[in-house]
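# Coordinates in review
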Amino acid sequence: MTDVNRPPGERIGGWTRLVTARPRLSLLIALLFTALAVVAGSGVADRLSGGGWEDPASQSSYATKALEKHFPASQPNLILLVDGGGKKVDDPAVAAEARALGKKLAAEKDVTGVTSYWNTGASALRSKDHGSALIAARVTGDENAAGKTLERIAPDLRGRHGPVEVSVGGPVAVKQEMQTTIQEDLLRAEMMALPVTLVLLVMVFGSAVAALLPLLIGVIAILGTDAVLRVLTEFTDVSVFAQNLTTALGLGLAIDYALFIVRRFREELSAGGETLPAVATTLRTAGRTVLFSALTVAVSLAAMMVFPQYFLRSFAYAGIAVVLIAAAAALVVLPAALILLGDRVNKWDLTRLLRRRRQADKSADGAADKAEPGAGWGRFARLVMRRAPVFALATVAGLVALGLPFLRVEFGTADDRQLPSGAESHVVQQHIRDGFAGGPGGGVEIIAEGKPGAAALADYSAEVSALPGVLRVDSPAGHFADGHQVGKPGPAEAARAGGGAAYLSVQPKGEGVEPATQDLVRDIRAQSPPFQTSVTGTAAVLVDTKESLGDRVPWAGAIIIAVTLLLVFLLTGSLLIPLQAVLLNALSLTAMFGAMVWVFQEGHLSGPLAFTSSGDIETTLPVLMFCVAFGLSMDYGVFLLSRIKEEYERTGDHEAAVEFGLRRTGGLITAAALILAVVMVAIGTSRVTNTKMLGLGIALAVLMDAMVVRSLLVPAVMKLTGRATWWAPGPLRRLHARFGLSEGESAPSYDTPSGEPGEEAGTVPVTKGDRRRDRDRVSTH
C-alpha cells in the first residue's frame, strides 16, 4: 500500500520514514554513539567542581581573590588539627613535632601562608582545653588544582606523628571529600535504581522484552550525559552535584518517554495494526507528546542560565543536554528497535500466570472481566467532579498547610555538615566549632586598597570596632591572634598599608552566618573610609548570594511562566488552562518546600535519614529544586491535558473529556511517577545532605503532583470552571488554529495506556469503530 492510499491514521510521514527506513543502521549508529560516550565520559567525575555557590562578580568574590593574592595567610583553606594525645599543646615534645609538621607543609609545592599556634601563639588556634591546636595554610590554584594538591600531600600529613595525631580539614578538604562521597553514592544509587526500575517496568508491561527497552534508553541517556558533562568541563566549571541530577533525569525521563512510546506501540499492535504503521502512528501521537514534554522540562531548566553561580548554570547546561538525549533516544533508537521486534515486543510475559489466576477468580465469582481498562480511574474522576468544591478546597488547603514550614526558612551556605558525621573534614570542623574560641577564616575579612595610610587605617578600624555586633578587630600582625589594641597600628600593619593594601579581620559576636552577622557585613560596607574597601568571609558571601539570587529570581520565574503559558496555550487553545497549569504546578511543589525546612533545616527525621542539620538551607538549592520539579510536573500535566483536549474536541462534552483523560492517563502517570520517584529516592540515599535533599524533595514533588494534583485538583478545578475552561478570544483562537499543537491524527482511545499500574497495555480493546473514527478525524495540526 502506498502512502497516498494509506488511511490518514497509517500514513508514513517524512520523520517516520527517516528514523525507520534503516532500523539496523539506526541501532548501529546508536551503538557507536554509546561507545563514544563511554570513552568521552570517562574521568568526568575528576573534572567536576565542588563549589559554585558564589556570584563571581560580587564584592566578596573580588575580595577573596585580592586577599589570596596579597595575604594568602588570611584565607586558609587547609587546616591540620593536631591532637596532643593526652598532652597539652605546649608540651615540648608536642610543640617540636608540630613545628616540624608546619615546616614540612610549608615546603610543599603550591602551599603558602602556613601559620600555626606554635609560631604565632594565637589563642584562636588553640582549643579551650589546650589539648589540640591548628596549623593553617593556603593551597593555591582553582578548586580542581587544589584538590589534586591535597590528594598528593594529605597521606603524608594525616595520622600518627610521634606524640601527636593529625587530622585534615578545611574548605579544600571538605570539597574534596564531598566530591569523592558523591561519586561513590552515585554509583551505589545507579546500582539500586536499575534493578528496582526493571521490576516496576515488568509489572507495568508484563513482557520482559518490552520492559528492557525503556531501561536500554535510560542507559544510553546516562552514558550520553556523562559525555556531555565531560565536554562542558572543557569550557566552563560544572558542579559535581550536576552529575547526580542529570543522571537521575537521564534515567527517569528516558524511561518515562520510552514507557509512553512502547505502550502506545503495543496498543497499536493489539488493535490489529502492522508493525510499520503502528510505529508511524506511535511517533505521530505519543512521539509528538514526548517532544512537547521534553521542551517543557528543558525550558524550566534553561531558566537557571540567568544566574551567575555556576552551581546553577551547570544544571541548566547539563540538564538541557540530558533531556535532549533522552528524547532523541526515545524517538530515534526506540522506533528502530520496535520495527525489528514487531510482535516479539510482547515476548517473555512474566505476568501471564498472575493474570490467569485473577481471571479465574473473577470467573469463579460469576463476574466476567468485561470492565473497561482504566474504569477505576474513570469512577474516581466522576466522584471528584460530583464533589468538586469539597475536593478543590480540601486539596488546596492541605497543600498550603504542607508548605507553611517554608515560611520559617533560613538561608545559609554549604559547609562540612553536608558530609556524614564520621567524615574526617567534618570531624575536624566540628571539633573547631565545639572546642575553639574562634577558628581561622571564621570572621569578616576587609581588604583596603589604594595605599591606605596607617593613621587612616587606624581610624577606620576604630569605626568598625564601634559597630554593633563586633567583638574585636584584628590587624594583619595578629590576624590569628587576639590582636593588638584597635586604633594603634603595629609595624606590620603600617608596612602593609605602605605597600598599597592592608586588611583587617573582624570577629563578630555572633556565629557563622546568623542574621546579626549578615547585618554586620552590611554595616561595614556602609562605612565610607578615604580608601577603597572590599568585604568577604562566609557571611559576606551569603549576603552577596542572596542579593544576586533575589535580583534574578523574578527573571527566571518570568521565563518559566511565560514559556509555560505559551506552550500550554499551543497545546490546548485555551486562555484559562495555561493559568490553571501554572498555579496547580506551583501548588504541587508546596509539600517539597515545606519538607525542605521541616526535615532538613529543623532536623526532624535527621536520625532515620542520617544527616546533620546545619539549621539553614543552602541558598541556591530552592531555586534548583523549583526549576527541576516544575518542569517534571509539567511533563505529566502535558499527557493529561492532551488527552482531555482531544476528547473534548471529539465530543464537545467537557465533563466526559475530563473523565476520559484521567481514565486513559491516570495509570500511566502514576506508573511513570513511581519509576521516577524510585530513581530520585536512590539519589536521595546519598550521604551528602544537599544531594539527599535534592533527591528526596523532587521524589516527593513528583508523587504529590501525580497522585494529588493530577488525580484530585485538576478534575475538580476543571469541573468548577466548566466549558469556560476552553474559552479564548477570537484572535487567540485564530492563532491557535494556525500554530497550535496536537498529539496527532489517531483517536485518543489508545495513544496512552488505559490500565491501572501493572496492567498490560497489550490487552487494551480497540474496536473497529474506534479505528474507523480515527481515520475519519482531521488533524488539528
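Residues numbered from 1 in each chain as written. Predicted model: local features only at pLDDT ≥ 70, side-chain atom pairs only at ≥ 80, totals over all residues. Heavy atoms only, no water.

## Examining the overall build of the chain
Helix and strand counts for the chain come out as 27 helices and 11 strands. A buried classification covers 57% of the 781 residues belonging to the chain. For the chain, long-range pairs separated by at least 24 residues make up 82% of all intrachain contacts whose partners lie at least 6 apart in sequence. With an accessible surface of roughly 30500 Å², the chain has 60% of that area assigned to carbon and sulfur atoms. (Helix = DSSP H or I, 4+ residues; strand = E, 2+ residues; numbered from the N terminus. Buried < 20%, exposed > 50% of the residue type's maximum accessible area, 1.4 Å probe, protein only. Contact = heavy atoms within 4.5 Å. Areas by Shrake-Rupley, 256 points an atom, 1.4 Å probe, with all protein chains shown as cover.)

## Here's the deal with the confidence of the model for the chain
Here the chain averages 81 in pLDDT, and 85% of its residues register 70 or above. Overall, residues 477-498 carries pLDDT values under 50, and its contacts beyond four positions in sequence, including any with other chains, amount to 50 contacts. (pLDDT = per-residue confidence, 0-100.)

## Looking at the sheet that holds strand S5 (residues 164-169)
The antiparallel open sheet is built from 5 strands, whose spatial order is S2-S3-S1-S5-S4. Only two strands of the sheet have a single neighbouring strand rather than two, namely strand S2 (111-116) and strand S4 (159-161). For this sheet the average axis-to-axis angle between neighbouring strands, irrespective of direction, equals 25°. Two strands pair when backbone bridges link them, and strand S1 (residues 78-83) and S5 are joined in this way by 5 bridges, in the antiparallel orientation. Counted as the bridge partner of Leu81 is Ser167 from S5. (Pairing = 2+ DSSP bridges. Axes fitted to C-alpha atoms, helices over the stretch in contact; angles between N-to-C directions.)

## Side note on the pairing of S5
As paired elements, S4 and S5 share 3 bridges and run antiparallel to each other. Residue pairing for S5: Arg160 is matched across the bridge by Glu165. Hairpin remark: S4 followed by S5, antiparallel, with 2 residues in the connecting loop; positive phi at Gly162, about 60°.

## Remarks on helix H21 (residues 590-601)
A rise of 1.5 Å per residue sets the reference length of H21, with its 12 residues, at 16 Å; its end C-alpha atoms lie 16 Å apart and thus fit the reference within 8%. Where burial is concerned, most of H21 is hidden: 10 out of the 12 residues are buried. Taken residue by residue, H21 has Thr590, Ala591, Met592, Phe593, Gly594, Met596, Val597, Val599, Phe600 and Gln601 as its buried positions. Where H21 is buried, its residues contact helix H14 (388-403), helix H20 (576-588), helix H22 (606-609), strand S11 (617-618), helix H23 (621-651) and helix H25 (689-721). Of the residues trailing H21, Gly603 is marked for its positive phi of about 90°. (Expected span 1.5 Å × (residues − 1).)

## Overview of the packing of helix H7 (residues 171-205) against helix H24 (residues 654-684)
At their nearest, the axes of H7 and H24 sit 8 Å apart, and the two run at 165° to each other. The orientation of H7 with respect to H24, classified from their angle, is roughly antiparallel. For the element pair H7 and H24, the recorded crossing hand is right-handed. Between H7 and H24, the residues in contact are Leu186, Ala189, Met192, Ala193, Val196, Thr197, Leu200, Leu201 and Val204 and Ala671, Leu674, Ile675, Val678, Val679, Ala682 and Ile683, respectively. Across the contact of H7 with H24, the residue classes tally to 15 nonpolar, 1 polar and no charged. (Parallel < 35°, antiparallel > 145°, perpendicular 65-115°, else oblique. Left-handed = near helix turned anticlockwise from the far one by under 90°. Nonpolar A, V, L, I, M, F, W, Y, C, P; charged D, E, K, R; others polar.)

## Comments concerning H24
The largest bend in H24 is about 45°, located at Thr665. Counting buried positions over the 31 residues of H24 gives 26, a clear majority of the element. Two or three places before Glu655, at the start of H24, stands the capping residue Asp653, its side-chain oxygen 3.3 Å from that residue's backbone nitrogen. (Bend = angle between axes of the 7 residues up to and from the residue. Polar contact = N/O pair within 3.5 Å; in protein donor to acceptor, adjacent residues only side chain to side chain.)

## A word on the side chain of Ser61
By the element assignment, Ser61 lies in helix H3 (residues 59-70). Within the structure, Ser61 has its side chain in polar contact with the side chain of Ser58 (distance 3.2 Å). Those residues within four positions of Ser61 in sequence are excluded, and the remaining contacts are Glu54, Asp55 and Pro56.

## Considerations on unusual backbone geometry
In the Ramachandran plot, Asp110 falls in the positive-phi region, its phi being about 70° despite a non-glycine side chain. Positionally, Asp110 belongs in the loop between helix H4 (92-106) and S2. We note that Leu605 has phi near 70°; this positive angle belongs to a residue other than glycine. Relative to the helices and strands, Leu605 is located in the loop between H21 and H22.

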